[in-house]
Amino acid sequence: MENNNLLDVLIIGSGPAGLSAAIYAKRASLRVLVAEKEYMGTGQIAESDQVDNYPGMPEINGYDLGEAFRSHAEKLGVEFHDGTADGFTADADGWNVHFTDDSQISARTVIYCAGAAHRKLGVEGEKEFTGKGVSYCAVCDGAFYRGKSAAVIGGGDTALGDAMYLSDLCDRVYLIHRRDEFRGSSSSVERLRQKDNVEIITGAVPAKIAGDQTVTALELKDGRSIPVHGAFVAVGMQPQTECLQGVVDLDDGGYIIAGETGVTSAPGFFAAGDVRTKALRQVVTAVSDGANAATAAAEYLKNLTL
Ligand code: NAP
């Protein structure tokens, strides 16, 4: 027998993707609830001192932009539940979601928007100067270092791309990699070698990010100190999908395999935002994902009742 009290959509995560999904789901007259970890701001975006690439909102503080998304959802009557989801099982009615406090919420569909966290470098000064010279996103924050010097730490494609991006803005860019061989593509390394304002330093392990009010230098374990205004940490991402093993198909990096509509390998389970396989992880692509996934969920629910 059909359970008419069942939620139509349970959204996991209250970052830009989750809030956008909630807005679209609510406007589609779906019964929706957003589950979020203890409220501490709207995800990664809240870490950004300034967001300068969200159309129409130049130089907005990341926290303020997140709060604007949230208050829009609240204005439409979206409700929130404090809780960290840690288990997902499917039955004939949809999905049963288990939380770490042992509570459970059931819904016909799930839109999973728990995001991906930037892997931290784990050195002294990193936490202290986050947002004051330490950044995890060159595309978001690079413009603040125009005409200045910056270090990019990492040897993968993200670090190589970040160094290239910053080389068009900064006076000087240091690419700091702990090994002599790069994990990222050799053609990108070659292109960086051609740039006059890029210095590649390999076999270099960061020890400390030093500064006063803002970053002034990156100190290496071998004793060298590199004077920089910014330190871009690009040492990989960690999608928050530990609880999804065996639930939906993940790629080798742990991202949920899903295209633009958020449709995953599991019926009624959608993915949106940084947690899914995609080329560009930005606020603007996260909110697009949320809209697409909510629309796909509405379509899925409509087809169930036909
Ligand atoms: P990644 O490939 O995992 O590279 C992370 C880099 O950070 C590695 O070079 C690693 O060093 C270094 N690292 C990790 N922990 C460190 C630490 N504690 N201290 C210093 N260095 C540390 O991550 P990614 O660059 O973010 O790329 C993720 C995936 O996205 C990759 O598959 C990549 O190819 C893909 N991607 C593709 C493109 C593109 O095609 N345009 C752009 C961006 C990303 P080791 O090498 O020594 O392990």
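Refer to the structure above for everything that follows.
Along each chain, residue indices are assigned from 1 in the same order as the chain's sequence is written. Given that this is a predicted model, residues contribute local features only at a pLDDT of at least 70 and side-chain atom pairs are listed and counted only at 80 or more, while totals for whole chains, interfaces and linings are drawn from all residues. Side-chain calculation: all heavy atoms of the structure are included, whereas hydrogens and water are not.

Student: Break down the pairing of strand 15 (residues 230-233) for me, with residues and values.
Tutor: Type-normalised accessible area, obtained with a 1.4 Å probe on protein chains alone, sets the label of each residue: buried when under 20%, exposed when over 50%, and partly exposed for intermediate values. Counting from the N terminus, the helices are the DSSP runs of H or I reaching at least four residues and the strands are the DSSP runs of E reaching at least two. Of the two faces of strand 15, both are covered, the one formed by Gly230 and Phe232 as well as the one formed by Ala231 and Val233. Whether two strands pair comes down to DSSP finding at least two bridges between them. With two bridges connecting them, strand 8 (residues 134-135) and strand 15 associate as parallel partners. From the neighbouring strand, serine 135 faces strand 15, where its bridge partner is phenylalanine 232. Of the strand pairs in this sheet, strand 9 (residues 149-153) and strand 15 are connected by four bridges, and their pairing is parallel. By the bridge assignment, alanine 150 is partnered in strand 15 with glycine 230.

Student: For the packing of helix 4 (residues 157-167) against helix 5 (residues 186-193), give the residues involved together with the corresponding values.
Tutor: Angular values range over 0 to 180 degrees, each being the angle between N-to-C directions of two axes fitted as lines to C-alpha atoms, with helices fitted over their stretch in contact. Here helix 4 crosses helix 5 at 25°, and the two axes come no closer than 10 Å. Relative to helix 5, the element helix 4 is oriented roughly parallel. Here helix 4 runs over helix 5; the crossing is left-handed. The segment helix 4 lies against helix 5, with Leu160, Ala163 and Met164 engaging Ser188, Val189, Arg191 and Leu192. Orientation labels follow simple angle bins: below 35 degrees gives roughly parallel, above 145 gives roughly antiparallel, 65 to 115 gives roughly perpendicular, and whatever is left gives oblique. Should the near helix be turned anticlockwise from the far one by less than a right angle, the crossing is left-handed, and should it be turned clockwise, the crossing is right-handed. A contact between two residues is defined here by any heavy atoms of the two lying within 4.5 Å.

Student: Hey, could you go over the nonpolar core for me, with residue numbers and the actual values?
Tutor: For this analysis, a nonpolar core means a set of buried residues of the types Ala, Val, Leu, Ile, Met, Phe, Trp, Tyr and Cys, connected via side-chain atoms within 4.5 Å. Ranked by internal contacts, the top residues of the largest apolar core, which has 31 residues, are Val9, Ile11, Tyr54, Leu65, Phe69, Ile111 and Val283. Contributions of two or more residues to this core are made by strand 1 (7-12), helix 1 (16-27), strand 2 (32-36), helix 2 (62-75) and helix 6 (283-305). When residues of this core are assigned to their parent elements, the largest contribution, eight residues, is made by helix 6. Other than its neighbours up to four places away in sequence, valine 9 contacts Ala25, Leu30, Arg31, Val32, Leu33, Ala107, Thr109, Ile111 and Leu301.

Student: Can you explain the pairing of strand 6 (residues 104-112)? Please cite residues and give values.
Tutor: Of all the nine residues making up strand 6, seven are buried; the element is thus mostly covered by neighbouring parts of the structure. Note that strand 1 and strand 6 share five bridges and pair parallel. Opposite leucine 10, over in strand 6, you have valine 110 as the bridge partner. For strand 5 (residues 94-99) and strand 6, the ladder comprises four bridges, and the chain directions are antiparallel. The residue of strand 6 that forms the bridge with histidine 98 is glutamine 104. Hairpin remark: strand 5 followed by strand 6, antiparallel, with four residues in the connecting loop; positive phi at aspartate 102, about 75°. Direction of pairing for strand 6 relative to strand 17 (residues 269-271): parallel, over a ladder of three bridges. When the sheet's bridge partners are listed, tyrosine 112 is paired in strand 17 with alanine 271.

Student: Residue-level account of the state of the cysteines, with values.
Tutor: Two cysteine sulfurs form a disulfide in these notes if their separation is within 2.5 Å. Under the definition given, this model contains one disulfide. Here cysteine 137 pairs with cysteine 140 through a disulfide, and the sulfurs are 2.0 Å apart. In this structure the cystine formed by cysteine 137 and cysteine 140 twists about its S-S bond by roughly 75°; its chirality is therefore right-handed. Take cysteine 113: it sits in no disulfide, and the sulfur closest to it among the cysteines is that of cysteine 243, at 13 Å.

Student: How would you sum up the packing of aromatic side chains? Please name residues and give values.
Tutor: Any two of the Phe, Tyr and Trp rings considered here, Trp counted by its six-membered ring, make a pair once their centres fall within 6.5 Å; the pair's planes then place it as stacked at under 30 degrees, edge-to-face at over 60, or tilted in between. In this structure the tally under the stated criterion is seven aromatic pairs. Between phenylalanine 88 and phenylalanine 269 the ring centres are 5.5 Å apart and the planes differ by 80°, which places this aromatic pair in the edge-to-face class. Within this pair, whereas phenylalanine 88 is found in strand 4 (residues 85-91), its partner phenylalanine 269 is found in strand 17, the two being separated by 181 residues in sequence. Taken as a pair, phenylalanine 88 and phenylalanine 269 share a single burial class, namely buried. Ring geometry for tyrosine 112 versus phenylalanine 269: centroids 6.0 Å apart, planes at 25°, classification stacked.

Student: Could you give an account of the side chain of asparagine 197, naming the residues involved and the relevant values?
Tutor: By secondary structure assignment, the location of asparagine 197 is in the loop between helix 5 and strand 11 (198-201). Setting aside residues no more than four positions away along its own chain, asparagine 197 makes contact with Ser167, Cys170, Asp171, Arg172 and Val173.

Student: For the pattern of salt bridges, give the residues involved together with the corresponding values.
Tutor: For salt bridges, the criterion is a side-chain nitrogen of Lys or Arg within 4 Å of an Asp or Glu carboxyl oxygen. Throughout the structure, instances matching the rule amount to 12 salt bridges. Across the salt bridge formed by arginine 70 and glutamate 74, the nearest N and O atoms sit 3.4 Å from each other. Here glutamate 74 and arginine 70 lie together in helix 2, a separation of four residues that amounts to about one turn. Since its relative accessible area comes to 8%, arginine 70 is described here as buried. For glutamate 74, a relative accessible area of 41% gives the class partly exposed.

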